[in-house]
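So the chains spell out like this:
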Amino acid sequence: MGQLALIDLTPEERGTSGAVWWSGSWQCRNFDGYYQVREQGRGNWCFIIYAFGDHHANVYRVNVIGEMYREDVPIDAQDRITVRGRKYGREQWQH
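Here we summarise the structure given alongside this text. (Residues numbered from 1 in each chain as written. Predicted model: local features only at pLDDT ≥ 70, side-chain atom pairs only at ≥ 80, totals over all residues. Heavy atoms only, no water.)

Time to look at the side chain of Thr82. Relative to the assigned elements, Thr82 resides in strand 7 (residues 81-83). We classify Thr82 as buried; its relative accessible area is 17%. There is a polar contact of 3.3 Å between the side chain of Thr82 and the side chain of Lys87. Ignoring sequence-local partners within four residues, the contact set of Thr82 consists of Val73, Pro74 and Lys87. (Helix = DSSP H or I, 4+ residues; strand = E, 2+ residues; numbered from the N terminus. Buried < 20%, exposed > 50% of the residue type's maximum accessible area, 1.4 Å probe, protein only. Polar contact = N/O pair within 3.5 Å; in protein donor to acceptor, adjacent residues only side chain to side chain. Contact = heavy atoms within 4.5 Å.)

Written out as structure tokens, the structure reads:
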């Protein structure tokens with residue numbers, strides 16, 4: 001397998017929607033303010049769930065200055081989280 005290009009962005013650049021960067025073997029992106037990753041730059045982009053509540057999941061976000069924070073989003077009985085009105089199944093989030 002070829003070497004991955006390591007492209008590092010400043011925190012402010014990471015705060016821009018659509019920004020993509022690498023952290024070790026993980027490709028990361030800012031998806032409309034939500035933090036997503038995929039290993040080795042392949043496969044589905046996945047939201048990162050920090051914790052679960054009764055009817056919500058706590059996902060990571062990226063603010064405009066590139067800082068990470070957590071936000072609660074709904075999760076249903078079929079393990080689908082709702083982000084910006086759209087449902088994402090288990091194949092699109094990690095815990």
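So, about the pattern of salt bridges. Counted according to the given criterion, the structure contains 3 salt bridges. Put simply, Arg80 and Asp76 hold a salt bridge, and the shortest N to O gap is 2.8 Å. Judged by its relative accessible area of 30%, Arg80 is partly exposed. Between Lys87 and Asp76 there is a salt bridge, with the nearest N and O atoms lying 3.7 Å from each other. Taken together, the positions of Lys87 in strand 8 (residues 86-88) and Asp76 in the loop between strand 6 (68-74) and strand 7 put the pair 11 residues apart, joining distant regions of the chain. Classification of Lys87 as partly exposed rests on a relative accessible area of 44%. Salt bridges linked by common partners bring Asp76, Arg80 and Lys87 together as one network. (Salt bridge = Lys/Arg side-chain N within 4 Å of Asp/Glu carboxyl O.)

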